[in-house]
Amino acid sequence: YATYSEAKQSDRGIYDFFSAILKDSESCLKSFLNQDPNAVNISNNILKRVLLAESEAYFYAKKGVNSNVSYLVRAFKPFAIHLADLTYFQQKFLMEFNSSNYTVARSSLDRMNYDLMEMKTDIKKIESVVLYDNGTPLKFDISNLRELIDEVKSLINYYDKQLPKNYSGIFVCVSKRKVFV
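Residues numbered from 1 in each chain as written. Predicted model: local features only at pLDDT ≥ 70, side-chain atom pairs only at ≥ 80, totals over all residues. Heavy atoms only, no water.

A.B. asks: Explain the pairing of strand E2 (residues 136-139) to me, and be specific about the residues and the numbers.
C.D. replies: Taken together, the four bridges between strand E1 (residues 130-133) and E2 define a ladder with antiparallel strand orientation. Among the inter-strand pairings, tyrosine 132 is bridged to a residue of E2, identified as proline 137. Here E1 folds back onto E2, and the loop between the two strands holds two residues, one of which, asparagine 134, carries a positive phi near 55 degrees. (Pairing = 2+ DSSP bridges. Helix = DSSP H or I, 4+ residues; strand = E, 2+ residues; numbered from the N terminus.)

Written out as structure tokens, the structure is:
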């Protein structure tokens, strides 16, 4: 039997786990582009998996076992959160737009733009991660994800053009502290 301390470190399992999350993210964005409500479920599942990895990494770190999982979670968690928000606000936009509630639709559109902008930053962080499998570097391929994000931006721009520029009526925004008219 080989001594544990002499075993070569391999990030292959971690790499495969997070690569699958990226593939599922691609599927989620394809669903988004098809305006499929299931995109919300897919994105929430992705977020749950990242959060589970985070809790597992924390559990093992408390026992003295450290790995690159916590490092990867820091790169993937913001991405997963923004993806979940993006899909949620698309459905909210579509519902409000179809109900002619253009103020809330505009707000949802603004959130989609924000989340998409943040996702672009998030994937740059993911792209910069390097793992190793017996000395061989492993990098995440985000090229398909980058293309899908560009397509999502085009769809959001299309949504923006569909919104009327002038809304009629009085709009009241209410917060818990103050009322603004």
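What follows continues from the structure just given.
A.B. asks: Hey, could you go over the pattern of salt bridges for me, with residue numbers and the actual values?
C.D. replies: For the structure on display, the rule yields 10 salt bridges. Between lysine 23 and glutamate 26 there is a salt bridge, with the nearest N and O atoms lying 3.7 Å from each other. With lysine 23 and glutamate 26 both in helix H1 (residues 12-33) and three residues apart, the pair spans about one turn of that helix. With a relative accessible area of 8%, glutamate 26 lands in the buried category. Because the salt bridges share partners, they merge into one network encompassing Arg12, Asp16 and Asp133. (Salt bridge = Lys/Arg side-chain N within 4 Å of Asp/Glu carboxyl O. Buried < 20%, exposed > 50% of the residue type's maximum accessible area, 1.4 Å probe, protein only.)

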